[in-house]
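# Structure assessment
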Amino acid sequence: MELSRRIRTLNEGGSDGWELFYRARALKAAGQPVTELTVGEHDVPTHPEILAAMQSAAAAGHTGYAMVPGVDALRDAVAERVAARTGVPTGRENVLITPGGQAGLFAAHMALCDPGDRALYLDPYYATYPGTIRAAGAEAVRVETRAEDGFQPQAEAVAEKAAGARSILVNTPNNPTGAVYRRETLEGLARVAEAHDLWVVSDEVYDTQVWEGAHVSPCALPGMAARTLVVGSMSKSHAMTGSRLGWIVGPEEAVARLIDLATVTTYGVPGYIQDAGIFALSRPDLEEAVAAPFRRRRALARDILARQQAVGLVPAEGAMYVMLDIRRTGLSGIAFADGLLDAHRIAVMPGESFGRAAAGHVRVAMTVPDDAFTEALETICAFAAARAAEAV
Ligand code: PMP
């Protein structure tokens, strides 16, 4: 029996390089010691106090259907947080609670795009982006950002693809590049969005992980709140990846329609998870504690990389990854990552798995303890230096 074209083509033109990830997992399962610097999963579990809040909410009976848009206290807490960070007046009516950021990204594109509409995304990109857009029935249109620009998107490149498009998906702080988009960058994007009447889907799941510069949400720019859907999540900020708790913030009319969509898809988020979220958002110290190791390791990475020439460090302004430029080795990201796994049992993601624009790079997740991270980076640099020496 034939399945829908939509689902059969979900991963069409999908990215290369994920074989490395599966190979590393298989080696590990076979008992080999592998330093895994691949996926964005913290090396600490959810904080015990957040778990205690979850447990007491469940024990108190918050185990039935929760309100589809989210419980009022959590919608209020998210509204307050977004208003404080952006200056945009935000109320409960502007917030939909979702089962994680990924569900928010999908719902946003469902809300904005009709079948066949063009929806833009920026390359390098988080691996699910093109599939998410296609799942919503739209055509995923790639706009390249360049290493030479520190992976800051250029307004002209976006404008070239913008005619007739419905939306553009932006992500700052960025996974995989670690770039934090500057205000001027976002102002350029805003001008294109206004000129071509585009919606902006702003993926801000790393907004608590900024090491240099400041996080600016596109919705904070003049006039932009009316055409922006902000996607947020507690996965990265609070080490709550498995709890599946996120949100969409946007204009009231869009949120009302998104609630209709949630009613026929997710039917909301478990009440005890939402209660844990309310508790977590009331404690800024908890998110600072989650960000601190990445801040520290990013500083370690800068020091180690400053002492050598074989590997270049792409900005590393935010998020839990450092992107390394390994083009001096003459190897592709895939060949480099393969060789590194074979020789040293260190697994990093080939840049190519995040799009063509990240070719010749590898992404290193800062998700192992400081000592192991330092040792791995030093080994990566030595491996690169040896390959670069062979290349000349
Ligand atoms: N956006 C980006 C850029 C991500 O890296 C991730 C997770 N790795 C997500 C969205 C989805 O996160 P979640 O669904 O856990 O909130």
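Structural notes, computed from the coordinates. The model shown is predicted, which means the values in this text are computed figures rather than measured ones.

## Some thoughts on the pattern of salt bridges
- All told, the structure shown has 27 salt bridges when counted by the stated rule.
- In this structure, the salt-bridge partner of aspartate 370 is arginine 297, at a minimum N-O distance of 2.9 Å. Here aspartate 370, found in helix 13 (residues 370–391), pairs with arginine 297, found in helix 11 (residues 284–306); they are 73 residues apart in sequence, far enough to count as distant.
- The network of salt bridges with common partners includes Asp43, Arg296, Arg297 and Asp370.

## What about the pairing of strand 6 (residues 199–203)?
- Where burial is concerned, most of strand 6 is hidden: five out of the five residues are buried.
- Residues Trp199, Val201 and Asp203 line one face of strand 6 and the alternating positions Val200 and Ser202 line the opposite face, and both faces are buried.
- When strand 5 (residues 165–171) meets strand 6, the two strands line up parallel, connected through five bridges. Across the sheet, the residue bridging to isoleucine 168 is valine 200, located in strand 6.
- Between the parallel elements strand 5 and strand 6, the chain passes through helix 8 (residues 183–195) in a crossover that is right-handed.
- As defined by bridge partners, strand 6 adjoins strand 7 (residues 228–233) across four bridges and the pair is classed as parallel.

## Description of the sheet that holds strand 10 (residues 321–325)
- If you walk across this open sheet you meet the five strands as 1-11-12-10-9, and the pairing is mixed. With one partner strand each, in any of the chains shown, strand 1 (35–37) and strand 9 (312–313) form the two edges of the open sheet.
- Pairing between strand 1 and strand 11 (residues 346–350): three bridges, direction parallel. Paired with threonine 35 across the strands is isoleucine 346, a residue of strand 11.
- Helix 12 (residues 333–344) rests against strand 11 and strand 12 (361–365) of the sheet, and its axis sits at about 170 degrees to strand 11.

## Some details on the sheet that holds strand 8 (residues 246–249)
- If you trace the seven strands from one edge of the open sheet to the other, you get 2-8-7-6-5-3-4, paired in mixed fashion. Among the strands making up the open sheet, the edge pair consists of strand 2 (95–98) and strand 4 (139–144). Shown here is a sheet whose adjacent strand axes are inclined to one another by a mean of 20 degrees, direction ignored.
- Inspection of the sheet shows strand 7 paired to strand 8 by four bridges, in the antiparallel sense. Across the sheet, glycine 232 pairs through a bridge with tryptophan 247, a residue of strand 8.
- Packing against the sheet, helix 4 (residues 72–86) makes contact with strand 2 and strand 8, and its axis sits at approximately 115 degrees to strand 2.
- Across the sheet, helix 9 (residues 252–263) touches strand 2, strand 6, strand 7 and strand 8, and the angle it forms with strand 2 is around 25 degrees.

Definitions and cut-offs
- Residues numbered from 1 in each chain as written.
- Predicted model: local features only at pLDDT ≥ 70, side-chain atom pairs only at ≥ 80, totals over all residues.
- Heavy atoms only, no water.
- Salt bridge = Lys/Arg side-chain N within 4 Å of Asp/Glu carboxyl O.
- Helix = DSSP H or I, 4+ residues; strand = E, 2+ residues; numbered from the N terminus.
- Buried < 20%, exposed > 50% of the residue type's maximum accessible area, 1.4 Å probe, protein only.
- Pairing = 2+ DSSP bridges.
- Right-handed = clockwise from strand over helix to strand, strands pointing away.
- Contact = heavy atoms within 4.5 Å.
- Axes fitted to C-alpha atoms, helices over the stretch in contact; angles between N-to-C directions.

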